[in-house]
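The lines below spell out each chain.
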Amino acid sequence: MAAEWQRAVGKAREATGFTGEDIPRTVDAIGAALRLDHRGEFYTELGTLADAGRFEAFLNHWWTQALADSATEEKARTAAIDFADATVSLYARASGGPTSTQAQIDAIVAGAEAS
C-alpha cells in the first residue's frame, strides 16, 4: 500500500504542479504538521476509531488538513488542497477502493452517512 500511495503522490504532484511540503501520511507526521488548534481534535478522533475502513478516511481527511495547515498563504493553501484531493482520488483508484469527494470523506470521519 505504501508504494501505491507514493505513486499517487507522484502522479498528483505532476498533474497539479504542487511543490509544497511533503508530509508523510502517517499519524505521527500528520499530528506534527497540524496547527495546534487542530491537533487536539485529530488525536481525539484517532482515539474513537473502531475499524480499519474508517482509519483510511481519517488519514485522508487529516493528511489534507495537515497540508493546508502547512501552507503559509491562501494561494499555497488552495494548491495544497487541490493536490491532496488529486492524491486521495488517485490512491483510491489504484488500491481498488471507492472514490469519495472531500465532503464524503469528512462525513465518514464525522461518523455520518456519506451521500
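Here the structure is a predicted model, which is why all the values come from computation and not from measurement.

Peer 1: What is the right way to look at helix H1 (residues 2-16) in this model?
Peer 2: Taking 1.5 Å of rise per residue, 15 residues should cover 21 Å, and H1 covers 21 Å from first to last C-alpha, within 8% of that figure. Listed in full, the buried residues belonging to H1 are Trp5, Ala8, Val9 and Ala12. Along H1, the residues classed as buried sweep out an arc of 100° about the axis, all on the same side. Exposed residues on H1 whose side chains face more than 90 degrees from its buried face are Arg7, Lys11 and Glu14. On the buried face of H1, the contacting elements are helix H4 (52-70) and helix H5 (74-94).

Peer 1: Even after reading the chapter, I still don't get helix H3 (residues 36-48), so can you show me in this structure?
Peer 2: Every α-helix winds through 3.6 residues per turn, so residues three or four apart in the chain are directed the same way. Among the residues of H3, His38, Phe42 and Glu45 are the ones counted as buried. On an axial view of H3, the arc spanned by its buried residues comes to 70°, and they lie on one face. Those residues of H3 that are exposed and aimed more than 90 degrees away from the buried face are Leu36, Thr44 and Gly47.

Rules behind the numbers
The numbers attached to residues start from 1 for each chain and follow its sequence in the written order. At least 70 in pLDDT is required for a residue's local features to be given in this predicted model, at least 80 for side-chain atom pairs to be given and counted, and no such filter applies to totals for whole chains, interfaces and linings, which use all residues. Side-chain figures throughout are based on the complete set of non-hydrogen atoms in the structure, without hydrogens or water. Here a helix means four or more residues in a row that DSSP labels H or I, a strand means two or more in a row labelled E, and each is numbered from the N terminus. Under the convention used throughout, the expected extent of a helix is 1.5 Å for every residue step, that is, one less than its residue count. Relative accessibility thresholds used throughout: buried, under 20% of the residue-type maximum; exposed, over 50%; partly exposed, between the two (1.4 Å probe, protein chains only). The arc in question is formed by the directions pointing from the helix axis toward the C-beta atoms. The contact rule is simple, with two residues in contact once any of their heavy atoms fall within 4.5 Å.

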